[in-house]
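The primary structure of each chain is shown beneath.
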Amino acid sequence: MPFLLATAPGSPGRDNEDFAAVTTNGVVLLDGASAPPGIDIGCTHGVAWFTRRLGGLLLAGLAGDQPLKDVLAEAITTVSSLHGDGCDLANQETPSATVVLVRFAGDRLEYLVLSDSVLLAEATDGTVTDITDTRLDDLKWKLAAAPFTTTEGTPERQSELHERAHAIRAYRNVPDGFWTAGADPRAATEALTGSLPLDQLAGFAAMTDGATRGVEVFDAQTWSDCYTLAAKDGPAALIDHVRALEQGDADQREYTSGKPHDDATVVTWTPA
């Protein structure tokens, strides 16, 4: 299968906590969820360690014919058993990851999407469909819309803004929250799954949210634009486009993300 893959760390000299790999029958794409500096993640290994092990197990799981939710649940369970006594898996900040799985199964393309990495599928008529789990963004908008309880311009308002920026983390992997693949295999049941007919598919692109900022942060692209750039010019071109947008807004005047750059990974596939 004609795959192309590109990845770039968010910061030089820092571990890239994304994971991506392709095999003869599919793709695994993960985006490790990092905690803010100074937050205890309850793990002696770290996020990159977690994503590499979960990714390897998922890649092996694609070789069978188990439902993708079962593949993910088993991989989560196995990685949890590798942590050891020094890791507190009950800690809500324990390493976890967003997930995109894609598997070729006969005349269908099966997929699984969990949290805010994205799968874009181009139909043979040129239509691009985004397959996205929007629960994280929906919660962010809900929290942001809540009225302030402090006065603008005061230290109390600054403290409230800081608390709001981190409040979303309490909603990870809880009922009515958003889900990532961490220590709890129940997350697999929360994933979006489905399949597409291969004879109606012109290609697809899977990408972590560090590569989707042109759409989701800067509003400089549509999903169709995003897919076309990655599919026609290559995955690295999409990452370069996002980096240029970030550099053009180095003071973060136009967006409020806590990271000036994020790990970015893109995998594309088109039929031979």
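Not measured: the values here are computed from a predicted model.

J.: Summarise the nonpolar core; cite the residues concerned and give the values.
T.: Leu30, Leu54, Leu58, Leu72, Val99, Leu112 and Leu114 are the most contacted members of the largest nonpolar core, which has 26 residues in total. Ranked by the residues each element gives to this core, the list is headed by helix α2 (residues 68-82), at seven residues. In this view, Leu112 contacts Leu68, Lys69, Leu72, Val99, Val100, Leu101, Ala191, Leu192 and Thr193; residues no more than four positions away in its chain are not counted. Residues Ala6, Leu120, Ala230 and Leu238 belong to the second largest nonpolar core, which totals 18 residues.

J.: How would you sum up a negative patch on the surface? Please name residues and give values.
T.: On the surface, Asp130, Asp137, Asp138 and Glu216 cluster together into a patch of negative charge. Inspection of the secondary structure puts Asp138 in helix α3 (residues 135-145).

J.: Lay out helix α1 (residues 47-61) in plain terms, naming residues and giving numbers.
T.: Its 15 residues place the ends of α1 21 Å apart at the C-alpha level, agreeing with the 21 Å of an ideal helix rising 1.5 Å per residue. The inward-facing, buried residues of α1 abut β2 (18-23), β3 (26-32), α2 and β4 (97-105).

J.: Can you break down the sheet that holds strand β5 (residues 108-114) residue by residue, with the values?
T.: Here five strands make up an open sheet; going across it, the order is β2-β3-β4-β5-β8 and the pairing antiparallel. Each of the sheet's edge strands pairs with one partner strand only, and the pair in question is β2 and β8 (192-197). Direction aside, neighbouring strands of the sheet carry axes that sit 10 degrees apart on average. One ladder, built from six bridges, connects β2 with β3; its direction is antiparallel. Bridging from a neighbouring strand, Asp18 pairs with Asp31 of β3. Across the sheet, α1 lies against β2, β3 and β4, angled at about 160 degrees from β3, the strand it touches most.

J.: How would you explain the environment of Ser159 if you had to name every residue and give the values?
T.: Within the fold, Ser159 resides in helix α4 (residues 155-167). As a C-alpha pair, Ser159 and Arg169 span ten residues in sequence and 17 Å in three-dimensional space.

J.: Just give me the short version of unusual backbone geometry, but keep the residues and values in it.
T.: The phi dihedral of Ser115 falls on the positive side, at around 70 degrees, and the residue is not glycine. With respect to the helices, strands and loops of the structure, Ser115 is situated in the loop between β5 and β6 (118-123). With relative accessibility at 4%, the residue Ser115 sits in the buried group. Positioned with a positive phi, Asp219 is a non-glycine residue whose angle comes to about 55 degrees. As for its position among the elements, Asp219 is in the loop between α5 (213-216) and α6 (223-233).

The rules behind these values
Residues numbered from 1 in each chain as written. Predicted model: local features only at pLDDT ≥ 70, side-chain atom pairs only at ≥ 80, totals over all residues. Heavy atoms only, no water. Core = buried A, V, L, I, M, F, W, Y, C linked by side-chain atoms within 4.5 Å. Buried < 20%, exposed > 50% of the residue type's maximum accessible area, 1.4 Å probe, protein only. Helix = DSSP H or I, 4+ residues; strand = E, 2+ residues; numbered from the N terminus. Contact = heavy atoms within 4.5 Å. Patch = residues over 30% accessible without salt bridge, like charges linked within 9 Å, V, L, I, M, F, W, Y side chains within 5 Å. Areas by Shrake-Rupley, 256 points an atom, 1.4 Å probe, with all protein chains shown as cover. Salt bridge = Lys/Arg side-chain N within 4 Å of Asp/Glu carboxyl O. Lys, Arg positive; Asp, Glu negative; His and termini not counted. Charge placed at Lys NZ, Arg CZ, Asp CG, Glu CD. Expected span 1.5 Å × (residues − 1). Pairing = 2+ DSSP bridges. Axes fitted to C-alpha atoms, helices over the stretch in contact; angles between N-to-C directions.

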